[in-house]
Amino acid sequence: MGKKARSINKLQKAAERKIDKSTLPPPPPPPEEEVGSAKPLDKPALPGTGFKVLDAEGFDDGGVADLSLLIDLEDSVQRRKRGENEYFTALKADLLPRATRGPMAKMTRREQKVSLAQLLFSEDDDTEDKGPSEVYIDQVDGEEDAATLKLRHERLGQAKAALRLSLLLREPACASLSLAELCKRRLALSGKKGAGEALRCADKAVEIAGSGFWDGDEIAEEANDEPKLDPKYEKNATTPGLANPTSLKLLPIRVSHLCLRSALLQRGNALAALGREEDARECYLRVVPLLEGEPRCARVDWERHSLYVNIGNTHSRTGDYDAANEQYTIAEQMGKEHLASEGGSSTDGKGMVACAKRARAFALKKAGRIDEAKVVLREVLDQQIKDNLEKEQQKKKEEEEAAAAAAAEKKAGKAPAIAAN
């Protein structure tokens, strides 16, 4: 190939790499303008109940905007950091961080982020911890069947995969959330025996979400099947945390707060598993200010509710029933407010009331007040029986209505044929 041909080839490649600015999407808004799901919507964006904001105008978005901030599907941070032209040039040339080996190698960076979201937030029907409550309960009794243990191992493996992918994509918020999930799933698998390892993961999740710096190599070790922790390891913390002033030039403080809410709650659960009740209580209490100003909706109220019940349980386990019951009463009242408010979620309200009452019953039993505990537990069981009956009746009604509609549609479809004869 001659010099002229090589020059033409280079010019063609350069032209292919050139970005047409007229085709680019608008730049991301300034970080301080991104408020996620803290701002209610004017009208519901998702079907179903439980999205109406209590005692205020508007609707909760179900956490969609917060999820978008955490996963950063539009790569707002990278775009602010690199500039629009450099970012889209790198994207076109496939130079942005992504997994280039293994089963995800052929997936784009965006597709890998979608997979990361699924690893972190999707729940199967047979998932034990499915549901909105984050009340800590020791689920390990040593008598788990093989299927349960297999599921718990798989869930732990998914959290490790999420951590590996988060680090490959250089998404620190997702790394923090992955570590919080690792804490939660280690407790589910190993209970008190795994509480030390769970706490270590939660501590690292808090570190990433904080205002200091963190060590990527140290974090990556938690994704291994058997983490090897060298006591002589010299930490090289050079990556700024999500609340570090350097990071806040590129992303909103809300990202740090969202990660801290998850990390501190799970850290409190790990401390509770270790029997460090006062430390656990302090950890739960650190989350409360982060929820001030958040909308009163079922999604966020379950988070508040879980904190109050967990705080109450720390008092119960240290023998202070009165202090525990104060917290259970707050949690129960939140459920009653959903039941009483127009547009509130009756399903979530009933769930909150039942959860608080169950916690109160166990606290009464621990305090030696057995008869009172039986009365409270009976209330929970009676309500559950009533709710199940209503669900069965509603299901039967819907099936009958569907059958009637299908029959009417079938009859209407045959009518023209009869007339023609």
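Small disclaimer: the values here were computed from a predicted structure and weren't measured.

1. So, the nonpolar core
- By size, the foremost hydrophobic cluster in this structure holds 58 residues, and its most contacted members are Leu179, Leu187 and Leu242.
- Elements represented by at least two residues in this core include exactly helix H2 (64–71), helix H5 (109–121), helix H6 (146–169), helix H7 (172–190), helix H8 (195–209), helix H10 (253–273), helix H11 (277–287) and helix H12 (298–317).
- Per-element tally for this core: the top contributor is H10, with 11 residues.
- The residues contacting leucine 179, other than those within four sequence positions of it, are Leu163, Cys201, Ala202, Lys204, Ala205, Ile208, Ile219 and Glu222.
- If you look at the next biggest cluster of nonpolar residues, it comprises 18 residues, including Val135, Tyr328, Met352 and Leu364.

2. Regarding unusual backbone geometry
- Even without a glycine there, the phi angle at aspartate 72 is positive, about 55°.
- Within the chain, aspartate 75 stands out as a residue other than glycine whose phi angle is a positive 60°.
- Of the residues examined, aspartate 75 reaches a relative accessible area of 4% and is grouped as buried.

3. A short note on H11
- Those residues of H11 not exposed but buried are Glu277, Ala280, Arg281, Cys283, Tyr284 and Val287. Looking down the long axis of H11, one finds its buried residues gathered within 160° of arc, a one-sided arrangement.
- In this fold, the buried residues of H11 make contact with H10 and H12.

Definitions and limits used
Residues numbered from 1 in each chain as written. Predicted model: local features only at pLDDT ≥ 70, side-chain atom pairs only at ≥ 80, totals over all residues. Heavy atoms only, no water. Core = buried A, V, L, I, M, F, W, Y, C linked by side-chain atoms within 4.5 Å. Buried < 20%, exposed > 50% of the residue type's maximum accessible area, 1.4 Å probe, protein only. Helix = DSSP H or I, 4+ residues; strand = E, 2+ residues; numbered from the N terminus. Contact = heavy atoms within 4.5 Å. Arc of directions from axis to C-beta.

Nothing here speaks to function; it is geometry throughout.
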